[in-house]
Each structure stands twice: as structure tokens, then as C-alpha cells.
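What follows is each chain in one-letter form.
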Amino acid sequence: MKNFTAAFSVHLLTASGAALALFAMLEAGNRNWSLMFLWLIAALVVDGIDGPLARRYQVRKYAAHWDGVLLDLIIDYLTYVFIPAYALTQSGILPEWEGWIAAIVITVTGVVYFADTRMKTADNSFSGFPGCWNMVALVLFALAPAHWVSLTIIGALALAQFFGLKFIHPVRTIRWRPVSLAMMLLWTGAAFVVGWQNFEASPLPQAALLFSSLYLLFAGIAQQLLPVSTKP
């Protein structure tokens, strides 16, 4: 019973992401974009810790009637894809018709990517851009680049979901993991500051956000270009 309780509690922790998604959507409906992103950051934190806890408490063994992977994917689609797409459409970050096109591209390609059984690589990284549109949208809100730059980024990342480019999982990809974890913490902290300050933060957190984003975006590709040496 103790093992089941611990394992099922992890499922409930994962499921709490649905409530966080609801809070984020309510704030998005009120056009309170900073609070929306703060709720999405909270969901991102939950998503980062529930996996290690699931393995620690062996949820597949002790709470096997509930599919943790499916539960995670449902919530991730809401918080990583659907809500950020809505925000890009309604916020004015992109002009109306461009925002609608971007939202359609993000939601359609995102759901296809999440259903791809080949999305994970042998070293627990991702094959193709893993649909982290919540992070992309926050950076676009924070840095407010020109419309054509935003559209180019969105188009390139949408296509990158379907090519064999490697993207790290900051927690599960072992290679460079200490650096990756540090960069993920830096990104989360910078994103919180930027969101808390209603996207009017000083240049330092914005620079930290951009720097950590670039690392998380390109570290996996760098690992592909710099394979591990097999020499003794």
C-alpha cells in the first residue's frame, strides 16, 4: 500500500499540470500574458521533476493502471503547444493573419510530433525539435523581435520537428548533463524574472534568457557534430 500511495502521488503531481494549464488559459483569456507565462513556468517545473520521481517510486510497477507517459503527453500538449499558440495569436506579437497561420502550424505539427513513437533517441534526447513552444513564445514575448524574425523562427522550428536533429533533454540526456541542468535552471530563473516584470526586465535577465535558450536549442546538434570518442 505504501508503494502504491507513493507511486499514485506522482501521477497526481503530473495531473496537477492540467490545473496549471487551466490557470494559464484563464489568464490568457484575460490577456494577462505575464501571469499566463508564470503558470506555464510552474507547469514546466512540475514536468521537470515528475519524471525522476516516477522512476524513483516505480510508477510503472506500483501504479501501472495509469499510463504516466500518456498523462504527461496530454498535459504537455496543452502547456507546451496549445496555450502558447493561442497567446501568439491573441497578443499582437504577430499581426492577425500571421498569428493565425503560426498558431495553425504550431498546433497541427505539434500534435503530429507528440504522436510520433520515434521522438526519443537512444540517449533519452529528442529526435527533432520537441515542441517546446512555451519556451519559444516566452522568448518572443521577452525580446519582441521583428515579425519576420518571429515567423522565421517558428517556421524553422516547426520543420525541425520532423528532421533527425537532436535536441537534449536537460534532465535525462547524460552527456553534458551538469551544464544542461545549470542552463535549464538559468532559463527558468530568467524566464520567471522576465515574466514577473511584465516583459520589461533589465538587459541582464533578457541576456540570460537568450543565452540559455541558445544552449538548450543547439546543444544536441553540437553533440551530433562532436560525437563521443571511442578511443581508449
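Note that the structure is a prediction, hence the values are computed from the model and not measured. (Residues numbered from 1 in each chain as written. Predicted model: local features only at pLDDT ≥ 70, side-chain atom pairs only at ≥ 80, totals over all residues. Heavy atoms only, no water.)

I keep staring at the overall build of the chain and nothing clicks. Help me out?
Tallying secondary structure elements over the chain gives nine helices and two strands in all. The order of α-helices and β-strands along the chain, N terminus first, is α-α-α-α-α-β-α-α-β-α-α. Computed over C-alpha atoms, the radius of gyration of the chain comes to 18 Å, within 12% of the 17 Å expected from 2.2 N^0.38 for 232 residues, which places it in the range of a compact globule. For the C-alpha atoms alone, the extent of the chain along its principal axes is close to 50 × 50 × 35 Å. (Helix = DSSP H or I, 4+ residues; strand = E, 2+ residues; numbered from the N terminus. Rg over C-alpha atoms; globule rule 2.2 N^0.38 Å.)

What is the right way to look at empty space enclosed by the protein in this model?
Counted by the stated rule, this structure contains two cavities of 30 Å³ or more. In this structure, the largest cavity encloses a volume near 50 Å³. Grouping the amino acids of the lining of the largest cavity by side-chain chemistry returns three nonpolar, three polar and four charged. Counted as a void, the second largest cavity has a volume near 40 Å³. Surrounding the second largest cavity, Phe37, Leu40, Ile41, Leu44, Asn134, Met135, Leu138 and Trp187 form its lining. (1 Å grid on protein atoms, 1.4 Å probe; cavity = no way out; pocket = protein on both sides within 12 Å on 5 of 7 lines; lining within 4 Å. Points joined across faces, edges and corners; volume = space filled by probe spheres on them. Nonpolar A, V, L, I, M, F, W, Y, C, P; charged D, E, K, R; others polar.)

Looking at this structure, I do not really get the nonpolar core. What am I missing?
Taken as a class, soluble globular proteins show a tendency for nonpolar side chains to be buried jointly. Grouped together as the largest cluster of nonpolar side chains are 56 residues, with contacts concentrated most on Met36, Trp133, Trp187 and Leu209. Contributing elements (two or more residues each) for this core: helix H1 (2-29), helix H2 (33-56), helix H4 (68-90), helix H5 (96-114), helix H6 (133-143), helix H7 (147-160), helix H8 (177-196) and helix H9 (203-225). By residue number, the principal contributor to this core is H6, which donates nine residues. Filtering out sequence-adjacent residues up to four positions away, Trp187 remains in contact with Leu44, Met135, Leu138, Val139, Leu209, Ser212, Ser213 and Leu216. Within the second largest apolar cluster, five residues are counted, among which are Ala7, Val10, Val59 and Ala63. (Core = buried A, V, L, I, M, F, W, Y, C linked by side-chain atoms within 4.5 Å. Buried < 20%, exposed > 50% of the residue type's maximum accessible area, 1.4 Å probe, protein only. Contact = heavy atoms within 4.5 Å.)

Help me out: how do you make sense of unusual backbone geometry in this one?
With the exception of glycine, most residues fall at negative phi, and the peptide bonds are largely trans. Even without a glycine there, the phi angle at Ala144 is positive, about 45 degrees. Here Ala144 is to be found in the loop between H6 and H7. What makes Ala144 exposed here is its relative accessible area of 53%. Non-glycine residue Asn198 carries a positive phi angle of around 55 degrees. Take Asn198: it is sitting in the loop between H8 and H9. For Asn198, a relative accessible area of 43% gives the class partly exposed.

Looking at this structure, I do not really get the pattern of salt bridges. What am I missing?
Note that side chains of opposite charge can pair when their charged atoms are close. Under the criterion given, the structure shown has two salt bridges. With a shortest N-O distance of 2.5 Å, Lys166 and Asp123 are connected by a salt bridge. Pair noted here: Lys166 is in strand E2 (residues 166-167) and Asp123 is in the loop between H5 and strand E1 (126-127), with a separation of 43 residues, a long-range link. The exposure class assigned to Lys166 is buried, which follows from its relative accessible area of 12%. Among the residues examined, Asp123 registers a relative accessible area of 28% and is labelled partly exposed. (Salt bridge = Lys/Arg side-chain N within 4 Å of Asp/Glu carboxyl O.)

What is the right way to look at the packing of H4 against H5 in this model?
Two numbers describe a pair of packed helices, the interaxial angle and the distance between the axes. Here H4 crosses H5 at 170 degrees, and the two axes come no closer than 8 Å. Looking at the two axes, H4 sits roughly antiparallel to H5. Counting all contacts with H4, which are made through Leu73, Asp76, Tyr77, Tyr80, Val81, Phe82, Ala85, Leu88, Thr89 and Gln90, the residues of H5 involved are Gly99, Trp100, Ala103, Ile106, Thr107, Gly110, Val111 and Phe114. Of the residues in the contact of H4 with H5, the class split is twelve nonpolar, five polar and one charged. (Axes fitted to C-alpha atoms, helices over the stretch in contact; angles between N-to-C directions. Parallel < 35°, antiparallel > 145°, perpendicular 65-115°, else oblique.)

Even after reading the chapter, I still don't get a nonpolar patch on the surface, so can you show me in this structure?
A surface patch of nonpolar side chains, about 730 Å² in accessible area, is lined by Ile104, Val108, Val111, Val112, Leu159, Phe162, Phe163 and Leu165. By secondary structure assignment, the location of Val112 is in helix H5. (Patch = residues over 30% accessible without salt bridge, like charges linked within 9 Å, V, L, I, M, F, W, Y side chains within 5 Å. Areas by Shrake-Rupley, 256 points an atom, 1.4 Å probe, with all protein chains shown as cover.)

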